[in-house]
Amino acid sequence: MDRGRVEKAYALAKEQYAGFGVDTDAALKRLATVPISLHCWQGDDVGGFERDAALSGGIMATGNYPGKARNADELRGDVEKVLSLLPGRHRLNVHAIYLENQGRPVERDAIEPKHFQGWIDWAKDQGIGMDFNPTYFSHPKADDGFTLSHRDEGIRRFWVDHGIACRKIGAEMGRQLRSPCVTNFWIPDGYKDVPVDRKGPREILRRSLDEVFAEPIDPARNRDSVESKLFGIGSESYVVGSHEFYLGYAVANKKLLCLDAGHFHPTETISDKISSVLTFLDEILLHVSRGVRWDSDHVVTATDDLRAIAEELVRGDYLGRVHIGLDFFDASINRIAAWTIGSRAMIRQLLVAMIEPTERLRRMEIDGDFTSRLAMLEELKAMPFGAVWDYYCLKHDAPAGIEWMVEAKKYESDVLSRRV
Ligand code: RNT
Ligand code: ZN
């Protein structure tokens with residue numbers, strides 16, 4: 001995009017925002033300090049490199065667009081491409097099944113930091129931090145739908161040991177990259193049909209989590225997070241790790257709570273939960289996602305939900321306490337583009353929230369002038385935030401406007417289309 005034109009458009013937009021008392025330059029500086037944690041699993045449909053296992057655990061990537069990454073080197077190359085299309089400095093979030101085992105299968109209870117050294121070295125090179133996740137799905141010991149809440153002591157122990165191993169890996173990532181790693185625990189455990197005993201599995205899960213988290217780890221290296229869910233495919237009637245369960249666990253044990261946008265009743269939004277849970281918790285993790293009719297993990301786009309999330313983070317001054325992660329996987333379109341669309345949507349929405357005249361709106365609200373509040377909120381939707389966004393992209397050497405698609409298409413023909 002023509003630099004001169006972008007600068008001109010920005011100058012006009014800046015004036016217009018200044019009319020509302022908003023300092024756009026200050027907002028751009030602030031935006032540059034907020035990292036988004038990109039999920040590695042958009043690149044290969046949550047496959048990983050452990051073995052040739054089908055995705056299980058009640059989550060699903062649909063579509064068969066060609067060109068998915070087949071190994072860690074390809075996936076890293078893809079992430080690099082995506083990072084080059086985003087303004088700002090971000091992070092990478094890796095699942096345990098993305099280990100590099102040099103062709104020698106390693107069981108999940110025996111994985112070590114060395115199996116992720118390739119990722120850590122790469123992240124060091126990129127100058128970015130990493131986040132981590134144990135993988136409690138796509139494994140024979142998870143096939144009957146239970147892991148940490150399993151009644152079989154051997155299986156339960158196996159998964160406890162996996163969790164312990166993963167926290168050590170997270171801590172090593174945090175140590176080497178000098179940036180705390182958020183290690184997020186999500187398990188699929190639950191029943192398809194109405195259970196008789198809702199209490200038993202939850203008691204087991206509580207005990208398992210206590211065992212997983214028994215060893216204290218320096219929060220400068222690793223922070224643990226727990227992710228709830230309402231239902232999954234095959235666990236429609238009962239999920240052991242429900243919202244109430246993990247909210248209680250997180251508060252009682254000073255853990256991070258992970259709010260996934262697709263894990264609640266369809267008319268419930270995580271934006272309204274942020275200020276509630278942060279009244280009692282120091283920090284939380286978000287899995288920004290887009291559910292269409294169910295927890296479908298569609299690519300994040302500029303929806304009302306996304307706007308509300310960004311607004312809450314900025315208005316509540318929560319950015320220092322909220323780790324923003326993405327969680328979607330679309331296999332029906334170019335995966336690099338999917339990643340980029342979702343990531344750019346998230347970053348841009350944060351920008352839009354940062355150039356809101358929040359103090360004015362607050363004043364109207366306090367004064368009881370709800371008419372003006374509504375009028376102003378509506379007017380803001382027509383403000384030239386795109387001009388501010390384009391300028392931000394250019395300032396950070398990322399393509400402005402839709403120009404990033406040229407790069408994505410080129411990468412597709414040069415790299416992705418050769419993967420057969
Ligand atoms: C599943 C959870 C979980 C996964 C990833 C792959 O419903 O959202 O976060 O999507 O761990
Ligand atoms: Zn999630």
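The following refers to the structure shown.

## What to know about the overall build of the protein chain
Counting its secondary structure elements, the protein chain contains 14 helices and ten strands. In summary, the protein chain has a C-alpha radius of gyration of 22 Å against a globular reference of 22 Å for 420 residues, a match within 12%. Viewed in the frame of its principal axes, the protein chain has a C-alpha envelope of about 65 × 55 × 40 Å. Counting over 420 residues, the protein chain shows a buried share of 54%. With the model as given, the accessible surface of the protein chain reaches about 18,500 Å², and the carbon-plus-sulfur share is 51%. The positive charge centre, built from 55 side chains, and the negative charge centre, built from 65, are 2 Å apart in the protein chain.

## A closer look at the site of ligand 1
All residues adjacent to ligand 1 are W41, I59, H95, W186, E227, K229, D260, H263, H287, D295, D327 and F329. Here an oxygen atom of ligand 1 sits 2.9 Å away from a polar atom, N or O, in the side chain of D260. With respect to the pocket detection grid, ligand 1 is positioned in the largest cavity. Residue composition of the shell around ligand 1, grouped by class: four nonpolar, three polar and five charged.

## A short note on empty space enclosed by the protein
Inspection of the entire model under this criterion finds four cavities of 30 Å³ or more. By volume, the largest cavity amounts to about 180 Å³. In terms of lining, the largest cavity is formed by 19 residues, of which the most central are I59, H95, W186, E227 and D327. Looking at side-chain class alone, the lining of the largest cavity contains eight nonpolar, five polar and six charged residues.

## So, unusual backbone geometry
Its identity is not glycine, yet V46 carries a phi of approximately 60°, on the positive side. Take V46: it is sitting in the loop between strand 1 (36–39) and helix 3 (72–84). Non-glycine residue S138 carries a positive phi angle of around 50°. By secondary structure assignment, the location of S138 is in the loop between strand 3 (129–133) and helix 5 (153–177). According to the relative accessible area criterion, S138 is buried, its value standing at 5%.

## Concerning the packing of aromatic side chains
Scanning the model with the defined rule gives 14 aromatic pairs in all. Their ring planes at 0° and their centres at 3.9 Å tell us that Y10 and Y391 sit as a pair that is stacked. Placement of the pair is Y10 in helix 1 (residues 3–18) and Y391 in helix 13 (residues 385–395), with a sequence separation of 381 residues. Among the residues examined, Y10 registers a relative accessible area of 4% and is labelled buried. Taken together, a centroid distance of 4.9 Å and an interplanar angle of 80° make the contact between F158 and W159 edge-to-face. Here F158 matches W159 in class, with each residue buried. Ring pairing ties together the aromatic residues Y136, F158, W159, F185, F213 and Y249, which thus form one cluster. Here the guanidinium or amino end of K255 rests over the ring plane of F213, the centre of that ring lying 4.3 Å away. Sitting above the plane of the F264 ring, K273 keeps its charged end 4.5 Å from the centroid.

Reading the values: rules and limits
Residues numbered from 1 in each chain as written. Chains lettered and ligands numbered in written order. Predicted model: local features only at pLDDT ≥ 70, side-chain atom pairs only at ≥ 80, totals over all residues. Heavy atoms only, no water. Helix = DSSP H or I, 4+ residues; strand = E, 2+ residues; numbered from the N terminus. Rg over C-alpha atoms; globule rule 2.2 N^0.38 Å. Buried < 20%, exposed > 50% of the residue type's maximum accessible area, 1.4 Å probe, protein only. Areas by Shrake-Rupley, 256 points an atom, 1.4 Å probe, with all protein chains shown as cover. Lys, Arg positive; Asp, Glu negative; His and termini not counted. Charge placed at Lys NZ, Arg CZ, Asp CG, Glu CD. Near = heavy atom within 4 Å. Polar contact = N/O pair within 3.5 Å; in protein donor to acceptor, adjacent residues only side chain to side chain. 1 Å grid on protein atoms, 1.4 Å probe; cavity = no way out; pocket = protein on both sides within 12 Å on 5 of 7 lines; lining within 4 Å. Sits in = over half its atoms within 2 Å of the grid points. Nonpolar A, V, L, I, M, F, W, Y, C, P; charged D, E, K, R; others polar. Points joined across faces, edges and corners; volume = space filled by probe spheres on them. Phe/Tyr/Trp six-rings, centres within 6.5 Å; stacked < 30°, edge-to-face > 60°. Lys NZ or Arg CZ within 6 Å of the ring centre and 35° of its normal.

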